[in-house]
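# Survey of secondary and tertiary structure
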Amino acid sequence: MSVRIVIGAQWGDEGKGKIVDILSAQADYVARYQGGANAGHTLNFDGQTHILHLIPSGIFHHNTVCIIGNGVVIDPVTLLEEIDMVKNAGVDVDGRLLISETAHVILPYHKSLDKVGEMALGGKKIGTTGRGIGPAYVHKIARVGVRMMDLEDPDLLRKKMEVNLTEINARLATYNAELLELDEMYELMLESGKKLLPFICNTTDRFHKALKGGRNILLEGAQGALLDIDHGTYPYVTSSSPVSGGACTGTGIPPTAIENVMGITKAYCTRVGNGPFPTELTDMTGDKLREAGHEFGSTTGRPRRCGWVDLVALKYAVQINGINELVITKLDVLDEFETIKACTSYNIGGEEREEFPLRPKELDEVKPVYTEYKGWKTSTRMVKTYEDLPENTRKYLNALSDFLDVPIKIVSTGPGREETIIVGDL
Ligand code: IMP
């Protein structure tokens, strides 16, 4: 039996989809444990690109059972569209896709609330994906949320929606936003719920049967450690727990069952939405990274902010997640750079600091201190082994691994499954 958590170690978009897809070949179960359709996991294989928002990235491996865990917030309409997309790609989902009956539902009113929530912040917008994620978690914590199991109970569903809508419309009115009608929204949820019923079950029990049967389980985080509601750059965070601890609460798998925590980082760094980003480059180097890395959001299409890798932030991610395996993605994006930099400490108000500050004011003041590495100026895309990488590439990667004190397990040198270097055994 093995349980491995795969998490983003930066601000999301580290290339988790491809890595989970590769690891899924050996997994019996692949599960999502938090977030919702704010995530966009991109997979490239057989000359095709698939973007998944809710369904775990293991769905394209036919022997894998995919679970959407209790910690996820589910937009039933988006999920049904995604199920159709996957089916159209020739994938059989019957019996292979399970949805937790206790996962919370994102209703259309959550999306309206997401918009006015940003208006309420005035000039300090979070820059959410607008998918209703935050408001759905607000209702969950306030104990007035609709759960997937409620879609089976028309009276309860209507009652919950009615009560919530009265309050929501009062809030929308204060922003002169369009008020919402119950009937159409209720019918939509009831219809979508009926279609999703065959997938809804007690996934906690399924996980425990799988653990007892010695099966391999992969838990796939969405977003990244620095977007975590508790440990991220609050308030510029998402409303769930992408960190490894969230994998336990979001599935019902206990911490004692977790064997490995794999942290994924790009060879540089990106962020979408607002909030602190100490190593951000707003100059031509940043533009070059964005262009070479095609850094545009897979959920929203927004251009991503780009910068050098931040080892201070990554060290913090290693600490709060217990990362014991490292994956470096998008190495090829650095192929044409003369010089590559990595931030190894922060200068805050003239003082050199090695720990990641939690106070926004300090984060805003950070002046990154960089160590420079010589570029390799050659393509790494088809390199098959770590030893065959150019010497300067290995020097850079070894420096990252040494600084973080975590061994590198996988290096990704391009979007395709075959553009992957696996170091030792997985
Ligand atoms: P929300 O998750 O839509 O509420 O957005 C909150 C913050 O998290 C915003 O800055 C988003 O840009 C960011 N965010 C949410 N999902 C992702 C993701 O999958 N990748 C990167 N950033 C994300």
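What counts as what
Residues numbered from 1 in each chain as written. Predicted model: local features only at pLDDT ≥ 70, side-chain atom pairs only at ≥ 80, totals over all residues. Heavy atoms only, no water. Domains from an automatic or database assignment. Buried area = accessible area lost by both parts, 1.4 Å probe. Salt bridge = Lys/Arg side-chain N within 4 Å of Asp/Glu carboxyl O. Polar contact = N/O pair within 3.5 Å; in protein donor to acceptor, adjacent residues only side chain to side chain. Helix = DSSP H or I, 4+ residues; strand = E, 2+ residues; numbered from the N terminus. Buried < 20%, exposed > 50% of the residue type's maximum accessible area, 1.4 Å probe, protein only. Contact = heavy atoms within 4.5 Å. Near = heavy atom within 4 Å. Areas by Shrake-Rupley, 256 points an atom, 1.4 Å probe, with all protein chains shown as cover. Nonpolar A, V, L, I, M, F, W, Y, C, P; charged D, E, K, R; others polar. Expected span 1.5 Å × (residues − 1). Bend = angle between axes of the 7 residues up to and from the residue. Pairing = 2+ DSSP bridges. Core = buried A, V, L, I, M, F, W, Y, C linked by side-chain atoms within 4.5 Å. Axes fitted to C-alpha atoms, helices over the stretch in contact; angles between N-to-C directions. Parallel < 35°, antiparallel > 145°, perpendicular 65-115°, else oblique. Left-handed = near helix turned anticlockwise from the far one by under 90°.

## Some thoughts on the domain arrangement of the chain
Size of an interface, as often reported, equals the accessible area lost when the parts are brought together. By domain assignment, the chain separates into domain 1 (2-100 + 200-260), domain 2 (104-196) and domain 3 (265-422). One C-alpha centre belongs to domain 1, the other to domain 3, and the line joining them spans 24 Å. A combined buried area of about 2900 Å² lies between domain 1 and domain 3, and 56% of that area is made up of carbon and sulfur atoms. When the buried area of domain 1 at its contact with domain 3 is split by residue, Gln-10, Trp-11 and Lys-18 rank highest and sum to 24% of it. The tally of links between domain 1 and domain 3 comes to three salt bridges. Its salt-bridge partner being Asp-21, residue Arg-417 comes within 2.7 Å of it at the nearest N-O pair. Joining domain 1 to domain 3, the criterion identifies 18 residue pairs in polar contact (both at pLDDT 80 or more). Those elements that provide at least two residues to the side of domain 1 that touches domain 3 are strand 1 (2-8), helix 1 (16-23) and strand 3 (41-45).

## Thoughts on the side chain of Thr-270
Along the chain, Thr-270 falls in strand 12 (residues 269-271). For Thr-270, a relative accessible area of 1% puts it in the buried group. A distance of 2.9 Å separates polar atoms of two side chains, one belonging to Thr-270 and the other to Lys-266. Residue contacts for Thr-270: discarding those within four places in its chain leaves Trp-11, Gly-12, Asp-13, Phe-277, Glu-295, Arg-304, Arg-305 and Cys-306.

## Side note on the site of the ligand
Neighbouring the ligand are 15 residues, the closest being Asp-13, Asn-38, Thr-129, Thr-238 and Arg-302. A distance of 3.0 Å is found between a nitrogen atom of the ligand and a side-chain nitrogen or oxygen belonging to Asp-13. The separation between an oxygen atom of the ligand and a polar side-chain atom of Thr-129 is 2.5 Å. Considering the ligand on its own, with 470 Å² of exposed area, one finds that the protein chains cover 97% of that surface. Residues of the shell around the ligand, tallied by class, amount to six nonpolar, seven polar and two charged.

## Comments concerning helix 5 (residues 154-174)
The terminal C-alpha atoms of helix 5, which comprises 21 residues, lie 30 Å apart, in line with the 30 Å expected from a rise of 1.5 Å per residue. Maximum bend of helix 5: about 25°, positioned at Leu-165. Taken together, the buried positions of helix 5 are Leu-157, Met-161, Asn-164, Leu-165, Ile-168, Asn-169 and Leu-172. Positive backbone phi, at 55°, marks Asn-176, one or two positions downstream of helix 5.

## Quick word on the pairing of strand 5 (residues 65-68)
Across the two faces of strand 5 the burial is the same, with Val-65 and Ile-67 and Cys-66 and Ile-68 all buried. With four bridges joining them, strand 2 (residues 29-32) and strand 5 adopt parallel strand pairing. Residue Tyr-29 lies in a different strand from strand 5, and its bridge partner there is Val-65.

## A word on the pairing of strand 7 (residues 97-100)
A two-sided burial pattern is seen for strand 7, the buried positions comprising Leu-97 and Ile-99 on one face and Leu-98 and Ser-100 on the other. Examined bridge by bridge, strand 5 and strand 7 share three bridges and lie parallel to one another. Residue pairing in the sheet places Cys-66 in a bridge with Leu-97 of strand 7. Pairing between strand 7 and strand 9 (residues 200-201): two bridges, direction parallel. Bridge assignment links Ile-99 to a residue of strand 9, and that residue is Ile-200.

## A look at the pattern of salt bridges
Summed over the entire model, instances satisfying the criterion amount to 22 salt bridges. Here Glu-191 makes a salt bridge to Lys-194, at a shortest N to O gap of 3.7 Å. Of this pair, Glu-191 and Lys-194 are both found in helix 6 (residues 182-196), three residues apart, which corresponds to roughly one turn of the helix. Classification of Lys-194 as exposed rests on a relative accessible area of 53%. Across the pair Arg-290 and Asp-287 runs a salt bridge, and its minimum N-O distance is 3.0 Å. Linking Arg-290 with Asp-287, this pair stays in helix 9 (residues 284-292), spanning three residues, or about one helical turn. What makes Arg-290 buried here is its relative accessible area of 18%.

## What to know about the nonpolar core
Membership of the largest hydrophobic core comes to 57 residues, with the highest contact counts inside it found for Ile-217, Leu-219, Leu-334, Tyr-396 and Leu-397. Considering every element that reaches this core, the biggest residue donor is helix 12 (residues 391-404), with five residues. In this view, Leu-334 contacts Ala-267, Tyr-268, Leu-289, Trp-308, Ile-340, Trp-376 and Tyr-396; residues no more than four positions away in its chain are not counted. Of all hydrophobic cores here, the second largest spans 54 residues; its members include Ala-37, Ile-74, Leu-190 and Met-262.

## Describing the packing of helix 3 (residues 108-120) against helix 4 (residues 133-141)
Across the interface, helix 3 lies against helix 4 with an axial gap of 7 Å and an inter-helix angle of 115°. By the angle class used here, helix 3 and helix 4 are roughly perpendicular. In the crossing of helix 3 with helix 4, the sense of the turn from one axis to the other is right-handed. Taking contact as the criterion, the partners of Tyr-109, His-110, Leu-113 and Asp-114 in helix 3 are, on helix 4, Ile-133, Pro-135, Ala-136 and His-139. Residues belonging to the contact of helix 3 with helix 4 are distributed by class as follows: five nonpolar, two polar and one charged.

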